[in-house]
Amino acid sequence: MTESLPPCPQCSSAYTYEMGALLVCPECGHEWSLASGDASDGAHAERVIKDSVGNVLADGDTVTVVKTLKVKGSPSGIKAGTKVRNIRLVEDGVDGHDIDCKVDGFGAMQLKSSVVKKA
């Protein structure tokens, strides 16, 4: 029966099995539906990240911080209007942080797309 089921889209394991309407991978724990297996992969790869005013962000963009941010361990935070160049979008950031960047005077950090505006 495992020959008729598709391999796991995350780890390519051939040991997938059905559990109700879902397909499950026992090796990585990924669950997906058979009907949307191909469609969800395309949607997942096409994830769109927008800034605070709705502009679509891309890797390498320059953004401006729209509100003053507190930075742990720093007496002064990142002030509104600070430009951040050459951002990198990440999917699995911590607590909704989806931008990796280097901020002048602070170094490497992650920001949320809701606190920046495309410059």
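Here's a quick rundown of the structure. Keep in mind that this is a model prediction, so the values were computed, not measured.

### Here we look at the side chain of T16
Turning to step 1, where the next piece is worked out: Here T16 shows up in the segment before strand 1 (17–19).
Turning to step 2, where the next piece is worked out: The buried category is assigned to T16, whose relative accessible area is 1%.

### Considerations on the pattern of salt bridges
Turning to step 1, where the next piece is worked out: Within the structure shown, the criterion is met by two salt bridges.
Turning to step 2, where the next piece is worked out: In this structure, K118 engages D61 in a salt bridge whose closest nitrogen and oxygen atoms are separated by 3.6 Å. Residue K118 is found in strand 9 (residues 116–118), and its partner D61 is found in the loop between helix 1 (37–45) and strand 4 (63–65); the two are separated by 57 residues along the sequence.
Turning to step 3, where the next piece is worked out: Overall, the relative accessible area of 14% leaves D61 in the buried class.

### Brief notes about the nonpolar core
Turning to step 1, where the next piece is worked out: Among the nonpolar cores identified, the biggest contains 16 residues, and V84, C101 and L111 are the most heavily contacted of them.
Turning to step 2, where the next piece is worked out: Contributing elements (two or more residues each) for this core: strand 4, strand 7 (99–103) and strand 8 (107–111).
Turning to step 3, where the next piece is worked out: For this core, the element with the highest residue contribution is strand 7, accounting for three residues.
Turning to step 4, where the next piece is worked out: Apart from the residues lying within four places of it in its own chain, the contact partners of C101 are V84, I87, G107, A108, M109 and L111.
Turning to step 5, where the next piece is worked out: Among the nonpolar cores identified, the runner-up in size contains five residues, and L5, C8, C25 and W32 belong to it.

### Remarks on the sheet that holds strand 6 (residues 88–89)
Turning to step 1, where the next piece is worked out: Across the sheet, which stays open at both edges, the three strands sit in the order 6-7-8 with antiparallel pairing between neighbours. Of all the strands in the sheet, the pair left with one neighbour each is strand 6 and strand 8.

### Some details on unusual backbone geometry
Turning to step 1, where the next piece is worked out: Of note in the backbone geometry, N86 takes a positive phi value of approximately 55 degrees without being a glycine.
Turning to step 2, where the next piece is worked out: Of note, N86 is situated in the loop between strand 5 (83–84) and strand 6.
Turning to step 3, where the next piece is worked out: The exposed category is assigned to N86, whose relative accessible area is 57%.
Turning to step 4, where the next piece is worked out: One non-glycine residue, D95, lies in positive phi territory at about 55 degrees.

### A word on the sheet that holds strand 1
Turning to step 1, where the next piece is worked out: Taken together, three strands build an open sheet; the order of strands is 1-2-3 and the sheet is antiparallel. Of all the strands in the sheet, the pair left with one neighbour each is strand 1 and strand 3 (31–33). Direction aside, neighbouring strands of the sheet carry axes that sit 40 degrees apart on average.
Turning to step 2, where the next piece is worked out: The pairing of strand 2 (residues 22–24) with strand 3 spans three bridges and is classified as antiparallel. Paired with L23 across the strands is W32, a residue of strand 3.

Definitions and cut-offs
- Residues numbered from 1 in each chain as written.
- Predicted model: local features only at pLDDT ≥ 70, side-chain atom pairs only at ≥ 80, totals over all residues.
- Heavy atoms only, no water.
- Helix = DSSP H or I, 4+ residues; strand = E, 2+ residues; numbered from the N terminus.
- Buried < 20%, exposed > 50% of the residue type's maximum accessible area, 1.4 Å probe, protein only.
- Salt bridge = Lys/Arg side-chain N within 4 Å of Asp/Glu carboxyl O.
- Core = buried A, V, L, I, M, F, W, Y, C linked by side-chain atoms within 4.5 Å.
- Contact = heavy atoms within 4.5 Å.
- Pairing = 2+ DSSP bridges.
- Axes fitted to C-alpha atoms, helices over the stretch in contact; angles between N-to-C directions.

Without other data, these values stay purely geometric and don't point to any function.
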